[in-house]
Amino acid sequence: MAYEIVEKLKKQIASFKDEAGFEDIGTVTESGDGIVKIAGLRKCLSQELLTIETEKGEVAALAFNLEEGFIGAVVLGDALAVRVGHRVRQTGKIISIPMGDEIIGRVVDPLGRPVDGKGVIFKDAGKAKDYPLERKAPDVLARESVNVPLHTGIKAIDAMIPIGRGQRELIIGDRATGKTSVALDTILNQLQDPSRPPVICIYVAIGQKNSKIAQFVKVLEETGAIKYTIVVAAPASIPAPLQFLAPYAGAAIGEYFMDQGKDALVIYDDLSKHADAYRQLSLLLRRPPGREAFPGDVFYVHSRLLERAAKMSKEKGGGSLTALPIIETQLNDISAYIPTNVISITDGQIFLEASLFNQGQRPAVNVGLSVSRVGSAAQTKAMKKIAGPLRLELAQFRELQAFVQFASDLDETTKKKIQRGELLTEVLKQADRNPLPFEREVLVLYAAIRGYIDALPINRVAAFQTEFLDYIEKLHGDTILKPLQEKGELTDTLDSALKTALQEFLKGFK
Amino acid sequence: MKYPVSIYARAFLEIKPDPKKFLSVVAKNGDLPRIDKIIAAIEEQETHDHGGKVISVEFAREMDDATIKKITKKFKERDLVSIKVTPSLIAGTRITIDGAQELDGSFQRKINKLWHTKS
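The following refers to the structure shown. (Residues numbered from 1 in each chain as written. Chains lettered and ligands numbered in written order. Predicted model: local features only at pLDDT ≥ 70, side-chain atom pairs only at ≥ 80, totals over all residues.)

## Some thoughts on the interface of chain A and chain B
Argument step 1. The interface of chain A with chain B comprises 14 residues on the first partner and 12 residues on the second.
Argument step 2. Secondary-structure elements contributing two or more residues to the side of chain A that touches chain B are α1 (2-14), β1 (22-24) and β3 (35-40) of chain A.
Argument step 3. Per-class residue counts for the side of chain A that touches chain B are six nonpolar, three polar and five charged. (Contact = placed C-beta atoms within 7 Å. Helix = DSSP H or I, 4+ residues; strand = E, 2+ residues; numbered from the N terminus. Nonpolar A, V, L, I, M, F, W, Y, C, P; charged D, E, K, R; others polar.)

In structure tokens, the structure reads:
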């Protein structure tokens, strides 16, 4: 072994050629808080990767501000090792992440380095393809309309706020309202949609606690979802520049799979912390602050990121990149600066409300404020047929519920509407980490919306759901469940078969 | 407000004041600790104004006068040449022009390059 190493080294030294020539260099003139000012390097490009020669070795930096007399750069490595007077060199490379299929199932940092202790990602580093973190979003001609559903496994979302592959759907809500749970359930549910091409999931954790990320990864490992998931970890403990780069790394990973004609889903958890990291960076770089001290281009920072989500045309491979950005609001204020920005960029939002969460309505989706602008085009025919009137009924129920707080005498129709609203609300309740395959969602919603369980007491709804699904699976698996899963359509034959099965089941259900 | 050293240098070169007056202004602004940098900036700007270049020649060890003379003769008279000893170079010479370009013939660079060469 030692002999081989010596021989290899000797060969390397013998073949080493070096001729000194003039090279452009820069010098660090200021350093602090992970930001450096560099004099020289007149030909430096924006977003170019630089190397700072320190006593502790080379430290990477990223050119951010190109000004008349100096360059403002952010240090991507050990910022404490950098001192005034250190030499800086250009690499000629724009910041990128090495990509290959081996990255699936790994936890990486925003620069693509493994952080899960499972060793190197690419056995042959030469085969990894560099994907730039910043890439222009696909143009209009390269895209097509969203037409394939991306099921979350959450009844309330798949029925009323459907998401399509290539869509950008915002998940917004206060802290601890179940935003990450919606994202996690969506990842877990991708195992349960065998009739459609599999989805590669990328979870980008920005500014979160290390323990929360570890817990998330553990759930993925326990459920087997890690086999098709990549986690980009940018916890609160890493410098703001790396937190800022994390979502772009996630987008680059997604684009790698999209370019191969595959479907990818990227979750940015969350963009509020991303905006905070960018604000810190910009203030340290002395960029002028604007509203809430965010720099003027914070909208563009998010719009250029989310524009990279797309459904590509068949000519361009037909791949897709779906984006689920998450925004944390303060006291349900969705009209704050960053929430309104991201709401206007995305194709809809799932609004999770703290009061609903505290009332036990989980997932705490506020149907009135949630919307999906393009997803209905991708919704399966069966779900569309069943869930059509659901939103309207729930909206009427919420209105009546508010109204009856002041009235004691209620007419029969109003009473019935309220009872039905309560029943539908109960049906939509779902525990986390328990996503339902879409065909099962259709079955449960069919029974509820078509009025078959109107007489059922609220406390029996959960039992009905479990037993009914069990009954259908055991006795009508081939005649109802399978055709529904394969075709995604509720034909007249299937409708009558389901009706008969449901009536049969209800006879024996107590 | 702290003035950048380049502003001090430009002001000095434009009005060429009595050095005593200049120093008192620097002291009044609390910038005396930066006087070395200010003087260096004045020298650099004056050199550039006369079409010269600021050249720094670094050796790994002390050189004899004859060698230094031989090297400085290679540059034009209007250039500002400074000689430094940088032991971290290990061997050889490094020449830096205007802090933006360098010709590095040091052993340190060769080792670094060899280290980063992919096999």
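Structure shown, so let's carry the discussion forward.
## Some words on the sheet that holds strand β5 (residues 57-66) of chain A
Argument step 1. The strand order around the closed barrel formed by six strands is β2-β3-β6-β5-β4-β7 (chain A), and the pairing between neighbours is antiparallel. Neighbour to neighbour, the strand axes of the sheet diverge by 45° on average, direction disregarded. (Pairing = 2+ DSSP bridges. Axes fitted to C-alpha atoms, helices over the stretch in contact; angles between N-to-C directions.)

## Topic: helix α8 (residues 337-345) of chain A
Residues and elements named next belong to chain A.
Argument step 1. Among all positions in α8, only Ile338, Pro339, Asn341 and Val342 are buried. Around the axis of α8, the buried residues are gathered within 160° of arc, so they sit on the same side.
Argument step 2. On its buried side, α8 packs onto β11 (170-173), α6 (271-284), α7 (298-306) and β16 (320-328). (Buried ≥ 20, exposed ≤ 12 C-beta atoms within 10 Å, placed from the backbone. Arc of directions from axis to C-beta.)

## Examining the sheet that holds strand β2 (residues 80-85) of chain B
Argument step 1. Taken together, the five strands give an open sheet; going across it, the order is β1(A)-β4(B)-β3(B)-β1(B)-β2(B), and neighbouring strands pair in mixed fashion. Both edges of this open sheet fall to β1 of chain A together with β2 of chain B, since each of them pairs with a single strand only. Direction aside, neighbouring strands of the sheet carry axes that sit 20° apart on average.
Argument step 2. Two elements, strand β3 (residues 93-97) of chain B and strand β4 (residues 101-104) of chain B, share four bridges in a ladder whose sense is antiparallel. By the bridge assignment, B:Thr96 is partnered in β4(B) with B:Glu102.

## Topic: the pairing of β11(A)
Residues and elements named next belong to chain A.
Argument step 1. The side-chain alternation of β11 yields two buried faces, one formed by Leu170 and Ile172 and the other by Ile171 and Gly173.
Argument step 2. Bridge count for β11 against strand β17 (residues 348-352) is four bridges, and the pairing is parallel. Within β17, the position partnered with Gly173 by the bridge is Leu352.
Argument step 3. As paired elements, β11 and β16 share three bridges and run parallel to each other. Note that in β16 the partner of Gly173 across the bridge is Glu328.

## Considerations on the pairing of strand β12 (residues 199-206) of chain A
Residues and elements named next belong to chain A.
Argument step 1. Within β12, eight of the eight residues are buried, leaving the element largely enclosed by the surrounding structure.
Argument step 2. Residue alternation in β12 divides its side chains into two sets, Val199, Cys201, Tyr203 and Ala205 and Ile200, Ile202, Val204 and Ile206, and both sets are buried.
Argument step 3. Sheet analysis places β12 next to strand β14 (residues 263-269), joined by seven bridges and oriented parallel. Counted as the bridge partner of Tyr203 is Ile267 from β14.
Argument step 4. Relative to strand β13 (residues 229-234), β12 runs parallel, the two being bridged by six bridges. Within the sheet, the bridge partner assigned to Tyr203 lies in β13 and is Val231.
Argument step 5. A crossover links β12 with its parallel partner β13, the connecting element being helix α4 (residues 210-223), and its sense is right-handed. (Right-handed = clockwise from strand over helix to strand, strands pointing away.)

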